[in-house]
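Report on the structure
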Amino acid sequence: MFNGIIVIDKAAGMTSGDVVYKLRRLLKQKKIGHAGTLDPEVTGVLPIALGQATKLIELMHERPKAYVGEGMLGLATDSYDLEGKILAERALSQPVSDQAIKAAMEKFTGEIVQQPPIYSAVRVNGKRLYEYAREGIPVERPKRTVQVFRYDLTEPSQFDPEKGRQTFTYEVECSKGTYVRSLVNDLGEELGLPAVMTKLRRTASSGYKLQDAVTLEELADNLNHAEDYIQPIDSFFADYQQVDLDAALWQQVKNGAWIKLPLDADKVALRYNKTVKAIYRAKGQGLYCPDLMLLSNE
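Residues numbered from 1 in each chain as written. Predicted model: local features only at pLDDT ≥ 70, side-chain atom pairs only at ≥ 80, totals over all residues. Heavy atoms only, no water.

1. Some thoughts on unusual backbone geometry
For clarity, the cut-off: Numbered from the N terminus, helices here are DSSP runs of H or I no shorter than four residues, and strands are runs of E no shorter than two.
Despite not being glycine, K28 has its phi angle at roughly 55 degrees, a positive value. Mapping K28 onto the fold places it in the loop between α1 (16–27) and β2 (32–34). The phi dihedral of Y80 is positive, around 70 degrees, even though this residue is not glycine. Assignment of secondary structure puts Y80 in the loop between β5 (75–77) and β6 (86–89).

In structure tokens:
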């Protein structure tokens, strides 16, 4: 059984569940889970936890995510992307200045309150929003507070005078739970124009980037070397303060005991035999208690 994290560069047209299903068949392993759902038409970084690494999934969700994408002014849909029903169209007689677009983007950085698209997987009374939408049942969408660290125009926007549409490219770095589709829709509202997301690609998630990723096709073609594409569990804790344990201290940690450490860190990664075995959290006065046990062998 493989233990670690494999970063998949997801293709368009697949759900995150599809990726997990295919990996289970390719790797002949059941204990697999993904961290951070990608909509079918969104491509890019999808971290997949294998074996013991599935214990990390909740922690993986907490890490910031980054995206590159494209939006268009002049059209709006109920799903906030091109898959939805058109709600509004307005031909632009002249382009919006890039300065105005940048200024509007700045208003959506920091801590903001978002309302997810009706076509999203957010649950209301045990039912997903997209299920209400498909059945034509009106429902109040919940609001959520998210953090947008960066929302930048990446190059000059493009205006098509014949169609009265204007496209723009952007980069977003944000917290978990942020809907980039909503950011594009809300940007349009701030500018007084309909807007829709036309493309989106995730470039980073859970601390992993596109350069760490492999496509399912590449993996399938190199199954005899699958381990070459798998990041060790320790890679997820690269930015944690790490402590190497001797045999006596490891015996205590293995039994879930609290330990005393001469440190000033909220969380520490405890290593034995050059491998992270547990994450401990501070309890004050140098005491640390178990937060996450990874491996109990050896």
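2. Thoughts on the UniProt feature "active site" (unreviewed entry) in the chain
For the record, the criterion: UniProt positions are given in the numbering used here, feature names are shortened, and annotations may be inferred rather than shown by experiment. Partly exposed residues are those whose accessible area sits between 20% and 50% of the maximum for their type, while under 20% is buried and over 50% is exposed, using a 1.4 Å probe and protein chains only. Two residues qualify as a contact provided that any one of their heavy atoms is within 4.5 Å of a heavy atom in the partner residue.
Taking the UniProt record as the reference, the feature "active site" (unreviewed entry) is found at D39. Judged by relative accessible area, D39 falls into the partly exposed class, the value being 31%. In contact with D39, other than residues within four places in its own chain, are K10, M14 and R181.

3. Regarding the environment of C174
Structurally, C174 can be placed in strand β12 (residues 165–174). C174 gets classed as buried once you look at its relative accessible area, which sits at 0%. A C-alpha to C-alpha distance of 8.5 Å links C174 and Y151, two positions 23 residues apart in sequence. Among all residues touching C174, those that are not within four sequence positions of it are P64, K65, Y67, Q147, V148 and F149.

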